[in-house]
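Here is what each chain is made of, one letter per residue.
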Amino acid sequence: MPDHEFTLGQFAGLACLWEASASKPGNVHRGADFEDLTFVDFATSAVVIGPAFDSAARGARLGEIVLNAVAATRQAVATNTNLGAVLLMAPLAMAASEAAPLREGMGRVLRSLDADDARLVYEAIRLATPGGLGRVEEADLSGDAPDDLIDAMRLAADRDLVARQYANDFREIFDIVLPALAAGLEHRRPLSQTIVRAQLRLMTDFPDSLICRKCGPEIARQSATMAAAVLAVGEPGDEGYERALADFDFWLRSDGHRRNPGTTADLIAAALFAALLTGIIKLPVAFYTVQSANV
């Protein structure tokens, strides 16, 4: 774990708060609420999960961290705000307590998961009651938890980007989102702009799974095409870029916010957490410096 005065819980809360604060197209942020979900809900959730993530430094298992974080969230807010982010950040928090580089340690964490972890994660998912899951033939959430959580995640990997991270050792987070964050900061962009660009990059390569579940694959693919078009227009501050970004935001917020790219937001939060853990982002973040880190 890096030599700093901040705890895992503080880093987890910061990552979630930064993700929710950035003016990402289609998401709740400090300038845009949904009717049933507000920025205050996300800010509250970011604070209350801290103790669950601090327990990773004391040897807590993944299932315990996830369930305690979700339970704290449901005590504080009326809806699911962070299940995907919590599922992604928990193994990173466990890996951060190891001496090995984060990516290597996280792989070992995933391979160490047992039936108790699966049972507690399934309990947490049911408690969070995420929308749009539907039913499947194998490892459905309405049934008993599987003995092997990774096997269950592999079954869902083709339809859910959070599950895919468990199945492929967090490839999209380490190979796409983290480099996108680092590139933005290397160009001395503000963190908020950097987060938005990372969102667009991820949505371009991987149509958002929450949009796909709620609206179908065609709309999800359309959202990816539109994200790519925004990136192709130019850079933050360019008139064409800002206009395209606003148009994309308007389209995503249509249809009763069903086009909310929530899964993409979960991966952004996890990548911000990883960036803090590895020192890619150092505090105070106002310096916008990027440090080479052994990820």
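Just above, that's the structure.
Rules and cut-offs
- Residues numbered from 1 in each chain as written.
- Predicted model: local features only at pLDDT ≥ 70, side-chain atom pairs only at ≥ 80, totals over all residues.
- Heavy atoms only, no water.
- Axes fitted to C-alpha atoms, helices over the stretch in contact; angles between N-to-C directions.
- Helix = DSSP H or I, 4+ residues; strand = E, 2+ residues; numbered from the N terminus.
- Parallel < 35°, antiparallel > 145°, perpendicular 65-115°, else oblique.
- Left-handed = near helix turned anticlockwise from the far one by under 90°.
- Contact = heavy atoms within 4.5 Å.
- Nonpolar A, V, L, I, M, F, W, Y, C, P; charged D, E, K, R; others polar.
- Salt bridge = Lys/Arg side-chain N within 4 Å of Asp/Glu carboxyl O.
- Buried < 20%, exposed > 50% of the residue type's maximum accessible area, 1.4 Å probe, protein only.
- Arc of directions from axis to C-beta.

Participant: Teacher, can you tell me more about the packing of helix α4 (residues 62-76) against helix α7 (residues 115-128) here?
Facilitator: Helix packing geometry: the angle between the two helix axes and the distance between the axes. It is at 8 Å that the axes of α4 and α7 come closest, and there the two elements cross at 15°. When the axis of α4 is compared with that of α7, the two are roughly parallel. In the crossing of α4 with α7, the sense of the turn from one axis to the other is left-handed. Residues L62, G63, E64, V66, L67, V70, A71 and R74 of α4 pack against D117, L120, V121, E123, A124, L127 and A128 of α7. Of the residues contributing to the contact of α4 with α7, the split by class is 10 nonpolar, one polar and four charged.

Participant: Is there a simple way to explain the pattern of salt bridges in this structure?
Facilitator: Where charged atoms from two side chains of opposite charge approach closely, those side chains can pair. Summed over all chains, the structure comprises 15 salt bridges. Between E98 and R108 there is a salt bridge; the shortest N-O distance is 2.8 Å. In this pair, E98 is assigned in the loop between α5 (83-96) and α6 (102-111) and R108 in helix α6, connecting sequence segments 10 residues apart. Since its relative accessible area comes to 24%, E98 is described here as partly exposed.

Participant: What should I look at first to understand helix α2 (residues 39-48) in this one?
Facilitator: Since the α-helix turns once every 3.6 residues, residues separated by three or four places project in the same direction. Listed as buried for α2 are F39, D41, F42, S45 and A46. Down the axis, α2 shows its buried residues gathered within 160° of arc, on one side only. Turned more than 90 degrees away from the buried face of α2, the exposed residues are V40 and V47.

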